[in-house]
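Chain and residue survey
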Amino acid sequence: MNKVHPIFIILLLFIVTISLHVKKNSLEKSLTVENRLLTNLEVELREIDELKTKWLDSPKKLDLLLQNPSFEGLSIKRDDLKDTSIIKIENLTPSGLKLLINKLLNSYINIKKLSIQKADKQISIIVEIEK
């Protein structure tokens, strides 16, 4: 039986050690990339969650908007349907309409339909929002 020379054993161990070190470094790099992707995903999920809460419950937000003291004395009728709420506001002045439209379009309310009708100096508006 032939003896294995100790230099071959040392050389083999050295090669195995170097290959394991290279593999470890490549795995660390891929782990770093995956961690960055996970961090980006978490940020996007937080943004989506924030948007969900902002757009949640449009009818309540519209009610809060209509409780503004500038809109006192208006005729407000509300019909709640299965998927939508229809709100009809009558006796608006042009300045009141401008204020209402600014507040309505700058808030997080999911508007399905918006129609404005003018008769003389009085304006009526119908807003259909999703629940």
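Going along each chain's sequence as written, the residues are numbered from 1 onward. Per-residue local features of the predicted model are confined to residues with pLDDT of at least 70, and side-chain atom pairs are confined, for both listing and counting, to 80 or more; whole-chain, interface and lining totals are unaffected and use all residues. Values reported for side chains reflect all heavy atoms of the structure, with hydrogen atoms and water molecules removed beforehand.

**A word on the overall build of the protein**
To be explicit about the condition: Strands here are runs of E lasting at least two residues and helices are runs of H or I lasting at least four, both read from the DSSP assignment and numbered beginning at the N terminus. For this measure, only C-alpha atoms enter the radius of gyration; the expected value for a globule follows 2.2 Å times N^0.38, where N is the number of residues. The cut-offs for exposure are 20% and 50% of the maximum accessible area for each residue type, with area from a 1.4 Å probe on protein chains only; residues under the lower value are buried, those over the upper are exposed, and the others partly exposed. Two residues qualify as a contact provided that any one of their heavy atoms is within 4.5 Å of a heavy atom in the partner residue. Method for areas: the Shrake-Rupley scheme with a 1.4 Å probe, in which residue coverage is limited to the protein chains shown. As used throughout, the charge tally considers Lys and Arg to be positive and Asp and Glu to be negative, leaving His and the chain termini uncounted. Where a charge lies is defined by one atom per residue type: Lys uses NZ, Arg uses CZ, Asp uses CG and Glu uses CD.
Broken down by element type, the protein carries three helices and four strands. For the protein, the α and β elements follow one another from N to C terminus as α-α-β-β-α-β-β. Over its C-alpha trace the protein gives a radius of gyration of 33 Å, far above what one expects of a compact globule, namely 14 Å for 131 residues. Relative to its 131 residues, the protein shows a buried fraction of 19%. Long-range contacts, defined as pairs at least 24 residues apart, comprise 53% of the intrachain contacts of the protein with a sequence gap of at least 6. Carbon and sulfur atoms provide 60% of the accessible area of the protein, an area that totals close to 10,400 Å². In the protein, 21 positive and 17 negative side-chain charges are present, and the distance between their average locations comes to 5 Å.

**Brief notes about the side chain of Glu128**
This is how the line gets drawn: In what follows, salt bridge is the name for a side-chain nitrogen of Lys or Arg lying within 4 Å of a carboxyl oxygen of Asp or Glu.
Mapping Glu128 onto the fold places it in strand 4 (residues 122–130). Here Glu128 sits buried without a salt bridge, and the closest side chain of opposite charge, Lys112, lies 4.5 Å off (N-O distance). Once you skip the residues sitting within four places of it in the chain, Glu128 turns out to touch Thr84, Ser85, Ile86, Asn110, Ile111, Lys112 and Lys113.

**Thoughts on a negative patch on the surface**
This is how the line gets drawn: Patch construction takes residues with relative accessible area above 30% that form no salt bridge. Like charges are linked within 9 Å, and nonpolar side chains (Val, Leu, Ile, Met, Phe, Trp, Tyr) are linked within 5 Å.
Where like charges cluster on the molecular surface, the negative patch consists of Glu44, Glu47, Asp49 and Glu50. By secondary structure assignment, the location of Glu44 is in helix 1 (residues 6–55).

**Points about a nonpolar patch on the surface**
On the surface, Val4, Phe8, Ile9, Leu11, Leu13, Phe14, Ile15, Ile18 and Val22 cluster together to form a nonpolar patch covering roughly 900 Å² of accessible area. As for its position among the elements, Phe14 is in helix 1.

**Quick look at the sheet that holds strand 3 (residues 111–119)**
Selection rule: Pairs of strands are assigned from DSSP output, requiring at least two bridges between the strands. Comment: axis = line fitted to C-alpha atoms, over the contacting stretch for helices; angle = value between 0 and 180 degrees taken between N-to-C directions.
Within the open sheet, the four strands sit side by side as 1-2-4-3. Their pairing is antiparallel. On the outer flanks of this sheet lie strand 1 (75–80) and strand 3, each paired with one strand and no other. Ignoring which end each strand starts from, the neighbouring axes of this sheet average 10° apart. In this sheet, strand 4 lies alongside strand 2 (residues 84–92) in antiparallel orientation, the contact comprising seven bridges.

**Thoughts on the nonpolar core**
Definition in use: Definition used in this section: a nonpolar core is a set of buried Ala, Val, Leu, Ile, Met, Phe, Trp, Tyr and Cys residues joined via side-chain atoms within 4.5 Å.
Membership of the largest hydrophobic core comes to 17 residues, with the highest contact counts inside it found for Leu62, Leu66, Ile89, Leu92, Leu100 and Ile125. Residue assignment for this core shows that the elements contributing at least two residues are helix 2 (58–66), strand 2, helix 3 (94–105) and strand 4. Among all residues touching Leu92, those that are not within four sequence positions of it are Leu74, Leu97, Leu100, Lys121, Gln122, Ile123 and Ile125.

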